[in-house]
Every structure is written in structure tokens, then in C-alpha cells.
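Coordinate inspection notes
Chain residues, written in single-letter form:
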Amino acid sequence: MNSTEKKRCPFMEKCYRKNPIHFGEMSHPHLEELLVNQLDGTIEIPEVLQFACDDRLQLLDQLKVLQMVLRKEKAKNKDSQSCVTSSLFSNIQSTATSSIKEDMKEKIEKHKKITEQRRQDKLKQMDAEAQALSRALANKDKKDHENLTSKTKKRSQEPSDTGSSVTKKMKQMSIESNSHTKNTSDSQRSSRNSEQGTNPETSIMDMYEACDSEQSRKEVRKKAIQMMRQSGLSVSIVEPGEFAIKYAFSAPYHLFYSRVENSKETYNQQFSITFPEILDRSLGEIVNSLHLNFMVDVGWLCLQYLLAGQRTDMLILYGDRVDHEKLSSNISMIEVNMPTRFGCHHTKIMILKYKDDGIRVVVSTANLYSEDWENRTQGLWISPHLPLLPESANPNDGESPTGFKKDLEHYLNKYRQSALTQWICAVRRADFSSVNVFLVASVPGNHKDNESDFWGHKKLAYVLSRHATLPPDAPQWPIVAQSSSIGSLGPNFESWLSKDIIPCMSRETNKGLKSHPHFQFIYPSTENYKQSFDCRNLSCCLPYSAQVHAKQQWIESYLYQWKATRTGRDRAMPHVKSYTRISPDFKSIPWFALTSANLSKAAWGIQRNNHYIMSYEAGVVFIPKFITRTTTFPIEEEEDPAVPIFPIPYDLPLRRYESKDSPFVCEFLNSVRRT
């Protein structure tokens, strides 16, 4: 791509953007000049610059993104490399005469088609391999084989059973393979073991242990895909090594939603992601990982690492384990004990440590088992790579402008777990200066004085009151909440919502007296569920009970349907939880919270004598002034947006419940099973 074809960015040296599409469309001579001889390797910024620069960290981030864009353009035009390189940098000071937006779109579409073709080719290859493996097992009794296939394809009806289905299926596959192996000769067995790189009694953990070199990673990944497909599991095959580009294109928000297996429309979306992509080797080789989560299937989790070609030491803090896999020696698990039976360890955080000692933080809404990542709507934020600070750094160095580093360290300390010491140290030694979101978390306990502002709805109120900016007509911007469950909220709207939550989410930098905005709550109706992919299997991620709803039917006045046709997730039940305010014209939002916290007192807290919270939760809050240097994010496509569109997961305008509608309650499943 030729920089002389690009329009010069109107903001010139004052441009703050870090989006690859923007750099593909607009010329930035002051940045391009710095990269003339730095297309590869580490970028060095001269001590003296030819333009004013107030934020050298932002400048470095921009140069990294531009370096990737230019490097990609250079690779795509390698047949005329000398010509392209010359044209990129010889006319840096010239003014472009035409926009290349259509050319950029064409390149993106071409990239999507190539990626899809690779995926289809890989699927065909895996199908052929699976069929070959089936023929090898053909001498087994046909009736037994049909019974086994029927069992492996049957979906469990309860969430806990659903989570362990991966391990069960894999064990069944191992048993079938072992039974056939006993009838083969020693030479046949030796030959096949050599081809597969595993012994005849391979388990998930055996494969995970074996994945310790470049060659074994490829062999083990191939074997894992064969076994998963043979055992009836859906396999999200995304070619490893390509996620770094998609991650760069997600700037400046780095917000993703899980790909929906049964919705092909979600496969090529820029913000759509599968679990192995989070672990992709293009982001670095992972040597250690921490998982804080509620429901965990360790066998399934290890398979995701195998699909990504990764193997790490792993520490898992969990609330409910849904498998019985024997742990590998490099995996440790700790059950988090809760002070009350009404709270749970609901947080969903990952911290990945790489070979270069840098780390990456992932904040998600999804549990770690198969059904949560197949046909449900999940959200997650992925941090940039956070490099190791130099040994000479001070304890307070490397802080985010949002205080994310301090808040994460404070949160991890609340577990009082010695096993987390190395992770607290890893956070302390990392450079978080590129993080542009706030961490809003909850920990169980009675929080008083200044400590209360650190957790739950009081932390959100603290952030909004200092950084959220709304126009004078703020009361016309409704609060829109969306979650996958509803807690016991009290006998009326005034009991908790209008007392604690509405005032919290109404906060802004303008301290003037204003009336509270309307409250709108997105929660799936029974009809939404009937049309969902979950309903096919009678699985469920909406644990709201009829008993609780009977005590708070007033909530129906505030309910809106789950509609997500725009993103291809209309039938993918939302396990995502989000909170925001939306302008009356549905064009912009002043902030957005993505979190594990449902609409409940246990998650957000209740004001008694102190601020009382029962559960562990974690989320991130996006504030425009830290990300786009504006007061709002656009949520509707404009002809030439100055700021990238913020991807909210549902359709606008919202659609109210109709008179015949009722919120989904989990007892609905029992009535369907009886019929």
C-alpha cells in the first residue's frame, strides 16, 4: 500500500488513535519517518523528536501498531518490495489526494476469505483422518459401536454434567481405542504409536504432558483433534499463529465476544473469538498460567491449550469442578472456600505468563467448560502484552493511568493464598502503562471506610463520579443492565435498585442535582430461550428460579427481550453481563462495564452499616477519555467515524416484553423434560 495514496490524518501529530484500520487509511508522516529503518525488531524512539510529544508511551503504542500494518503491507506486496518500500517512505511529506477506504475493505474481505478457506481445508483434512481412524476400528462389534456413539453424542441436561461431558467422551474414546489395541500385534501397535506420538492408553493429561516441543505440539494437536471429532465433540479449528493480527485490529477496545458454533455469521467477525485464540502462539509462548473461575472442566481446558499448541504450568482457583480427570504434575487446583452459602467464587480472570517474562490479563464472563464456549454469548477483554519492568524500577512504576495494576494486586491479595504469591509478584513487576480500562471487582466481606470504595457498586460509582462525562440531558440517557441471572432484589424497586444501583450508575463528573434516569433490564424471556441453541439440548446458563421471581414480579415492568440479530447471536443465550447508559438517539454511550457480576446484591453489594458483599466478581469498565480522548463511544456506524465503533452485544432499540411474555426461570426445563 502506498502512503502517497492516503489522506493525511487531519489531527497530524495530535492523533491519539492506535487502530490498524486507521493507519491503513490515513498517512501519518511524523510516525512513518520514525519507522523508515525500524520495520522489524524493537522500536527505538529518538531522544529528540521533530514534533511535540506529551506522551511517549502512547507514541510507542502507535508505532507498534503502524509497524505491524506496514510490515503486513510489505509482505503482501513482496513481488514489488523495493517499489513499495520506496513509495512508503520517499514522499512522507506529500499530501495524499484520495482515500483508500474501499481498498482496505477489499483487503480485509480477502483476508477473511483466505482464513475461511484454510479452516474448510483443515476441516476436510480432519474429517479424512477421523474416517481413517474409524476404519481402523471397523472390526469392533457394530452394535456396541453404535451404542457408544449414541452415548457420546447425548448431551447432559444439568450444567454440572454438561461440564464433565468432554472428559467422559474422551475417556470413552480412549477405552474404544484400547480395546482394539489389545487385538493388534506388537509390531502394529509399535507402528501406530510411532505415528501418533502417544502410547495406546493415551489420556488427555498424557497428551498435555507430551506437548513440550515444537514437533510434539503439532503431533499432539493432530491427535487431540482426531480424538475429539471421533468422540462427537465440536472442534473449533482456527489455524494457530494468526490471532496477533486480529488482536491488533481490535484496538483500541480489545473487546471480544465468543464465536457461536451454530451461527456461521459469527465466524469471520473482527471481534469474534474462540478459546484457543486467546492462547495463540502469535501472542507468545506461554510458560505459566493462572485461572480464577467458577465452573472448571480441567480436561476441556487442557484440550484448549493443546489446540493452541501450548503447554504450561497451571494454577486454578475455582468454585466448582465438573470433571474427575487425574491432574498432571504441573497443574495445581485450589477450591475457594466461601464465608456464606449465598456467595460464590464467580470471578473469571486469566493471567498468562510468557517466555519473555511478560504477562497478559484476560477478564471474561465465561466458565471453563465446553458448553459455555460453544453456543452462548460471552464477552472478554484481553490486555496488551505487559512487559517485565527493569530491575531498577520502583514499586510504583508501570502503573496504568486507570490504576489497574494496583487494583489487580489488591484483589489477588484478598484471597490470602500463598500459591498466589508468585502471581502477585508477576503483576508487581509488569508494566501496565498500556492498559486503558478500570478493574471493578467484588470480594466477600463487610467493607468499611475507604476500603468500601474498592469493591462492588461503590467502586463503579467511584470511577464514574471522577471520569464519566454526560451532556446536560443526562436524565434522558437510560441505564441499560443486562445479565444471565437475577438475584433476590427485595419486595419493590425501591428496596435495592433505586437505593443503591441506580444512584451508582447515574454518577458522573458533573455534580449538579439531576433526576435519576430510567432503568432498562435485558434478560431472556421464555420465548427467547425456546428459540435458542441451548433449548435443543435442554442446557441452561440462566439460573433464575420461579421461587425468587414470585417474590419480585415487579421486575417485569423493567424487562426487555434478548435480541442480537445484528451480531448473529440472537439464538445464543447471553451469559455475558454488561452495564451502560445509552443516548436517546441510540448513537453513543458514555461508559461500558463488562463483568461477571449478575444483577444481584451478592455480586454488587448492599449498604448496611457497612458495604456488604457475598461473592467474588471481576469486570472492566471502559471510559472514553482514557481510550479515545472523547466523552462518548459511538455505537452506530457513521459515514466517517473519528472513533471506532464500540461493539455492544445486543440490538437497539431495545424491545420490551409483550403482555404474554415472562422471564425465563430454570423450572421451565423440568416441565419440558416431563413432556
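Within any chain, residue numbers begin from 1 and follow the written order of that chain's sequence. Since the coordinates come from a predicted model, pLDDT governs what is reported: local features require at least 70, and pairs of side-chain atoms require 80 or more to be given and counted, while whole-chain, interface and lining totals use all residues. Hydrogen atoms and water are omitted, and side-chain values are computed over all heavy atoms in the structure.

The name given to the protein chain in an unreviewed UniProt entry is PBZ-type domain-containing protein, and the organism recorded there is Cardiocondyla obscurior.

What follows concerns a negative patch on the surface. Judged by side-chain charge, Asp 585, Glu 636, Glu 637 and Glu 638 come together as a negatively charged surface patch. In DSSP terms, a helix is any run of H or I states spanning at least four residues, a strand is any run of E spanning at least two, and both are numbered starting from the N terminus. Tracing the backbone shows Glu 637 in the loop between β26 (633–634) and α23 (667–674). Residues qualify for a patch when their relative accessible area is over 30% and they have no salt bridge, like charges being joined within 9 Å and the nonpolar side chains of Val, Leu, Ile, Met, Phe, Trp and Tyr within 5 Å. All accessibility values rest on the Shrake-Rupley procedure with a 1.4 Å probe; residue burial counts only the protein chains present in the view. We define a salt bridge as a contact between a side-chain nitrogen of Lys or Arg and a carboxyl oxygen of Asp or Glu at a distance within 4 Å. We count Lys and Arg on the positive side and Asp and Glu on the negative side, and we leave His and both chain ends out. Where a charge sits is defined by one atom per residue type, namely NZ (Lys), CZ (Arg), CG (Asp) or CD (Glu).

Here we come to the UniProt feature "binding site: substrate" (unreviewed entry) in the protein chain. Using the residue numbers shown here, the UniProt feature "binding site: substrate" (unreviewed entry) corresponds to Lys 348 and Lys 577. In sequence the annotated residues extend across 230 residues, while in space they remain close, none of their C-alpha pairs exceeding 11.9 Å. As for its placement among the helices and strands, Lys 348 is situated in the loop between β9 (331–335) and β10 (349–354). A relative accessible area of 1% places Lys 348 in the buried class. Contact criterion: two residues are considered in contact whenever any of their non-hydrogen atoms come within 4.5 Å of each other. Not counting residues up to four positions away in its chain, the partners in contact with Lys 348 are Leu 292, Asn 293, Phe 294, Val 362, Val 363, Ser 364, Thr 365, Ala 366, Asn 367, His 575 and Ser 596. Inspection of the secondary structure assignment puts Lys 577 in strand β20 (residues 577–581). With sequence-adjacent residues up to four places away left out, Lys 577 is seen in contact with His 346, Thr 365, Gln 482, Ser 483, Ser 484, Ala 593, Leu 594, Thr 595, Ser 596, Ala 597 and Asn 598. For the purposes of these results, a polar contact is taken to be a pair of N or O atoms within 3.5 Å, where, inside protein, one atom must be able to donate a hydrogen and its partner to accept one; residues adjacent in sequence count only when each atom of the pair is a side-chain atom. A polar side-chain atom of Lys 577 sits 2.8 Å from the main-chain carbonyl oxygen of His 575. UniProt positions are given in the numbering used here, feature names are shortened, and annotations may be inferred rather than shown by experiment. Exposed residues in this analysis have more than 50% of their type's maximum accessible area, buried residues have under 20%, and partly exposed residues fall in between, with area computed by a 1.4 Å probe over protein chains only.

What follows covers the pairing of strand β25 (residues 617–622). With six of six residues buried, β25 lies mostly within the body of the structure. By the alternation rule, side chains of β25 split into Glu 617, Gly 619 and Val 621 and Ala 618, Val 620 and Phe 622, which are all buried. In this structure, strand β14 (residues 438–442) lies alongside β25, joined through five bridges in antiparallel fashion. By the bridge assignment, Val 440 is partnered in β25 with Gly 619. Sheet topology places strand β22 (residues 592–595) next to β25; four bridges connect them, and they run antiparallel. Across the sheet, the residue bridging to Phe 592 is Phe 622, located in β25. The criterion for strand pairing is that DSSP finds at least two bridges linking the strands in question.

Moving on, we come to helix α15 (residues 421–428). When we look at burial in α15, the residues that qualify are Trp 423, Ile 424, Ala 426 and Val 427. The buried residues of α15 all sit within an arc of 160° when viewed along its axis, so they share a single face. Packing partners of the buried residues in α15 comprise β5 (286–292), β7 (313–318), β10, β11 (359–364) and α14 (404–413). Arc definition: it is the arc formed by the directions from the helix axis to the C-beta atoms.

Those residues of helix α17 (residues 497–505) that sit buried are Leu 497, Asp 500, Ile 501, Ile 502, Cys 504 and Met 505. Down the axis, α17 shows its buried residues gathered within 165° of arc, on one side only. For α17, the elements touching its buried residues are α16 (456–467), β16 (479–482), β17 (519–522), β20, α21 (601–604) and β23 (606–607).

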